[in-house]
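Given next are the chains, with one letter for each unit.
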Amino acid sequence: MTTPSQTDADRKVDLVIGRLLQIGVFASAAVVAFGAMLFLVQHGRTPAKFTDFVPGPATLRTVGGIVSGVLAMNSAAIVQLGLVMLIMTPIARVALTLIAFIIQRDRLYVLITALVLALLLYGLIA
């Protein structure tokens, strides 16, 4: 719901950000669903072992490893890509908001949003 003080530009930014979040969540869900179906096709008849916890391969812990796995149609890498997309969706929202504040020349919010984006990226990388 928009308030009377919102301008048309603010409403457009809100709509674009809302659409970005919707597309990001739906796209990541579709990628995870595709990866899960592919996993069932490739490994559906393998009996499950619940006695020992086995972590995923180390190649799925880096973006490069995930991309190379996706190119090789590795189902686990495709699921991991969908999860990375889901994590990146709110980060993309903050980046888009930063761009909107830069266009509006709102220095205080540019500074705050840039700090939030830097913290998010630091937390993701480190």
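For the structure itself, consult the block above.
(A) Region of the structure containing the side chain of Thr113. Relative to the helices and strands, Thr113 resides in helix α4 (residues 107-125). Those residues in contact with Thr113 that lie beyond four places of it in its chain are Val94, Thr97, Leu98 and Phe101.

(B) Structural context of the environment of Gly56. Within the fold, Gly56 resides in the loop between α1 (8-43) and α2 (63-71). Spatially, the C-alpha atoms of Gly56 and Arg105 are 45 Å apart, while their sequence positions differ by 49 residues.

(C) Quick look at the pattern of salt bridges. What the rule picks out here adds up to 1 salt bridge. Note that Asp8 is salt-bridged to Arg11, the shortest N-O span being 2.7 Å. Here Arg11 and Asp8 lie together in helix α1, a separation of 3 residues that amounts to about one turn. Judged by relative accessible area, Arg11 falls into the partly exposed class, the value being 30%.

(D) Fine view of the side chain of Thr89. As for its position among the elements, Thr89 is in helix α3 (residues 75-104). What Thr89 contacts, discounting residues up to four positions off in sequence, is Leu20, Leu21, Gly24 and Val25.

(E) Representation of the packing of aromatic side chains in the model. Summed over all chains, the structure comprises 1 aromatic pair. Summarising the aromatic geometry, the rings of Phe101 and Tyr109 are spaced 5.2 Å apart at their centres and angled 25° between planes, so their arrangement reads as stacked. The class of Phe101 is buried, set by a relative accessible area of 19%. In this structure Tyr109 comes out as partly exposed when scored by relative accessible area, which is 42%.

Parameters and conventions
- Residues numbered from 1 in each chain as written.
- Predicted model: local features only at pLDDT ≥ 70, side-chain atom pairs only at ≥ 80, totals over all residues.
- Heavy atoms only, no water.
- Helix = DSSP H or I, 4+ residues; strand = E, 2+ residues; numbered from the N terminus.
- Contact = heavy atoms within 4.5 Å.
- Salt bridge = Lys/Arg side-chain N within 4 Å of Asp/Glu carboxyl O.
- Buried < 20%, exposed > 50% of the residue type's maximum accessible area, 1.4 Å probe, protein only.
- Phe/Tyr/Trp six-rings, centres within 6.5 Å; stacked < 30°, edge-to-face > 60°.

Bear in mind that shape data such as this cannot, by itself, settle questions of function.
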